[in-house]
Amino acid sequence: LPASGLIIANRDKMIEVIGVIPMAAEKISGGEVKEGDMIVSANGAKPGNTDDLLQMVENLAEGAKVELVLMRDGKEIKVSFAKTAMGGQKIIRSN
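Residues numbered from 1 in each chain as written. Predicted model: local features only at pLDDT ≥ 70, side-chain atom pairs only at ≥ 80, totals over all residues. Heavy atoms only, no water.

Q: Can you tell me about unusual backbone geometry, naming the residues and giving the values?
A: Of note in this structure, Asp 12 is not a glycine but carries a positive phi near 50°. Tracing the backbone shows Asp 12 in the loop between strand 1 (6–11) and strand 2 (14–20). Accessibility expressed as a relative area gives 72% for Asp 12, which makes it exposed. One non-glycine residue with positive phi stands out, namely Lys 13, at about 65°. (Helix = DSSP H or I, 4+ residues; strand = E, 2+ residues; numbered from the N terminus. Buried < 20%, exposed > 50% of the residue type's maximum accessible area, 1.4 Å probe, protein only.)

The following block contains the structure:
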């Protein structure tokens with residue numbers, strides 16, 4: 001997920017965090033994101049897959065706040081980050 005430091009993948013009809021890039025992830029506020037966290041929603045909407053989530057973020061203006069609700073061990077965690085310019089590559093792995 002560009003600008004967040006999160007590497008995501010489609011997993012069992014959900015979106016899983018499969019990696020966290022430490023330097024980029026330092027800009028996420030509200031809590032620590034860990035590998036294995038599942039993304040439940042973004043800005044109040046439930047993305048169906050990684051493509052949906054990426055499109056949702058791409059449609060936001062630069063500097064807009066992105067709020068994610070994550071699920072870990074049956075508990076919801078809310079985190080956020082500001083959208084930056086969409087540089088770099090999107091790497092998506094599906095199983």
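There's plenty left to go through after this.
Q: Describe the pairing of strand 2, with residues and values.
A: Here is the key point about a regular strand: its side chains alternate between the two faces of the sheet. Here six bridges tie strand 1 to strand 2, and the two strands are oriented antiparallel to one another. Pairing of Ile 7 across the sheet is with Gly 19, part of strand 2. Between strand 1 and strand 2, which pair antiparallel and follow one another directly, the connecting turn spans two residues, one of which, Asp 12, has a positive phi of 50°. Here two bridges tie strand 2 to strand 3 (residues 38–42), and the two strands are oriented antiparallel to one another. Residue pairing in the sheet places Ile 15 in a bridge with Ile 39 of strand 3. (Pairing = 2+ DSSP bridges.)

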